[in-house]
Amino acid sequence: MTTLTPLSLDLAIESLPLAKPFRISGHVFTDTPVVLVTLSDGEHSGRGEASGVYYLGDDVPAMAAAIESVRGAIEAGVTRDQLQTLLPAGGARNALDCALWELEARRSGVSVWELAGLGEPRPLRTTFTLGADDPDVMAEGARYYAQARALKLKLTGDLQVDIARVQAVRAARPECWIGVDANQGFAIGDLDALVAALVAADVKLLEQPLARGREADLTGYQCPIPIAADESALTLGDIDGLVGRFDVVNIKLDKCGGLTEGLAIAKRARELGLGVMVGNMVGSSLAMAPAFIVGQLCDIVDLDGPIFLADDRKPSIEYTDGDAWCGEAIWGREVS
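All residue numbers refer to position in the chain's written sequence, counted from 1. Totals for whole chains, interfaces and linings use every residue, but because this is a predicted model, local features are given only for residues with pLDDT of at least 70 and side-chain atom pairs only at 80 or more, for both listing and counting. Side-chain descriptors were evaluated using all non-hydrogen atoms of the structure, hydrogens and water having been removed beforehand.

## As for the pattern of salt bridges
Thinking step 1. By definition, a salt bridge exists where a carboxyl oxygen of Asp or Glu is found within 4 Å of a side-chain nitrogen of Lys or Arg. The full count for this structure, using the stated rule, is 29 salt bridges.
Thinking step 2. We note a salt bridge from Arg313 to Glu14, for which the minimum N-O separation is 2.9 Å. Placement of Arg313 in the loop between β12 (300-301) and β13 (318-320) and of Glu14 in strand β1 (residues 8-24) is noted, with a sequence separation of 299 residues between them.
Thinking step 3. Overall, the relative accessible area of 24% leaves Glu14 in the partly exposed class. Strands are runs of DSSP state E lasting at least two residues, helices are runs of H or I lasting at least four, and both sets are numbered from the N terminus onward. Partly exposed residues are those whose accessible area sits between 20% and 50% of the maximum for their type, while under 20% is buried and over 50% is exposed, using a 1.4 Å probe and protein chains only.

Encoded structure:
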């Protein structure tokens, strides 16, 4: 976007209830508070939804305050490149950045994927996530997601219980691709036992086993399963430091501050020989739609956030036979 047209900025705060509580290492969630930004030039508008990053204190009040702090600059007219220096990475910039992408698509009549220099999008095989729970409950959840072809299991750092969780889900769904997300729950000394159990259960990905700040502990660690960085890879500036410690980077737009930086991370990760994954902080289909664009560049896709909501926005992302499809009616160029 190059035209500095004056804009009006509307900021709404919403709480999206979850269908049931969702548990990960150290946290239980019952709803997803989000900010919803709408930018309008008087003829066209663009929207962006952000959940923020709870473990960084990037919550709804912080996002709303950050957006209000730059309201004057935004309403005077701003490009996506200017936004990159106007706000730091985080949910506030994500909401604004995504709104600018949609506004440009609607002004130009060109799809977001074309603006991003990508080919026509395809449906994406997505993981369906199982919150950490009793092993039998997680196994039942795996069976409940009958259409899933890929599952991601949340772990808590309780080694023996986590191993039982993995074994129960594998027994319930022997045909599925399975990855696990440790959410920083382990120490380096736990990994040999954990990884041995994961290999035995044919698990294909180990996400963020150690706490952010302990990345150096993985230097030289020989793991037969690819290790993905999530909390250890917040922004583009973190990516070079992953080499030799991680195999995959998990891009989340709330972490990195929008589609603009998400695309840049995917490009840099490929240059460094890293695998690329796209994830989400849970949100509606409106939040998944920009991530779906990044997903076109990814090896692993985790865009199941809307399935946890009691009620999604309409129109909604479609989940069919384990694949996610996000059409332009949800976000992007206006379609008739």
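## Side note on the pairing of strand β2 (residues 27-40)
Regular strands have side chains that alternate between both faces of the sheet.
Thinking step 1. Where β2 lies against strand β3 (residues 45-50), six bridges are found, and the strand directions are antiparallel. Looking at β3, one finds that Leu36 is bridged to Glu49.
Thinking step 2. Between any two strands, pairing holds if DSSP finds at least two bridges. Between β2 and β3, which pair antiparallel and follow one another directly, the connecting turn spans four residues, one of which, Gly42, has a positive phi of 100°.

## Section: the pairing of strand β7 (residues 177-181)
Thinking step 1. Of all five residues in β7, four are buried; the element is thus mostly enclosed.
Thinking step 2. Of the strand pairs in this sheet, strand β6 (residues 150-154) and β7 are connected by five bridges, and their pairing is parallel. Across the sheet, residue Leu151 finds its bridge partner in β7, namely Ile178.
Thinking step 3. Seen with the strands pointing away from the viewer, any crossover whose path from the first strand over the helix to the second strand runs clockwise is right-handed. With respect to chirality, the unit in which β6 leads through helix α7 (residues 159-172) into the neighbouring parallel β7 is right-handed.
Thinking step 4. Pairing geometry for β7 and strand β8 (residues 205-207), over three bridges, is parallel. Residue pairing across strands places Val180 opposite Leu206, the latter belonging to β8.

## Here's the deal with unusual backbone geometry
With the exception of glycine, the majority of residues adopt a negative phi angle, and the majority of peptide bonds are in the trans configuration.
Thinking step 1. Between Lys314 and Pro315 the backbone carries a cis peptide bond, its omega angle lying at -5°.
Thinking step 2. Within the element layout of this structure, Pro315 appears in the loop between β12 and β13.
Thinking step 3. Phi angles above zero are rare outside glycine, and Gln184 is one such case at about 70°.
Thinking step 4. Mapped onto the fold, Gln184 is located in the loop between β7 and α8 (191-200).
Thinking step 5. If you check the backbone angles, Gln208 has positive phi at about 40° while not being a glycine.

## Things to note about the sheet that holds β13
Thinking step 1. With respect to topology, three strands assemble into an open sheet ordered β4-β14-β13, the strand pairing being antiparallel. Strands at the two margins of the open sheet, each flanked by one partner only, are β4 (124-125) and β13.
Thinking step 2. One ladder, built from two bridges, connects β4 with strand β14 (residues 323-325); its direction is antiparallel. Its bridge partner being in β14, Arg125 is matched across the sheet by Asp323.

## Brief notes about the environment of Glu49
Thinking step 1. Structurally, the position occupied by Glu49 is in strand β3.
Thinking step 2. Residue Glu49 is classed as buried on the basis of its relative accessible area of 3%.
Thinking step 3. C-alpha separation for the pair Glu49 and Met277, spaced 228 residues apart in sequence, amounts to 20 Å.
Thinking step 4. Whether two residues are in contact is decided by their heavy atoms, any of which lying within 4.5 Å being enough. Among all residues touching Glu49, those that are not within four sequence positions of it are Leu16, Val34, Val35, Leu36, Asn94, Ala95, Gly283, Ser284, Leu286, Ala287 and Arg313.
Thinking step 5. Reaching out from Glu49, the side chain makes a polar contact with the side chain of Ser284 at a distance of 2.5 Å.
Thinking step 6. A polar side-chain atom of Glu49 sits 2.9 Å from a polar atom in the side chain of Arg313. Whenever a nitrogen or oxygen atom comes within 3.5 Å of another N or O atom, the pair is scored as a polar contact, on the condition that within protein one atom can donate a hydrogen and the other can accept it, and that pairs from neighbouring residues in sequence are kept only if both atoms are in side chains.

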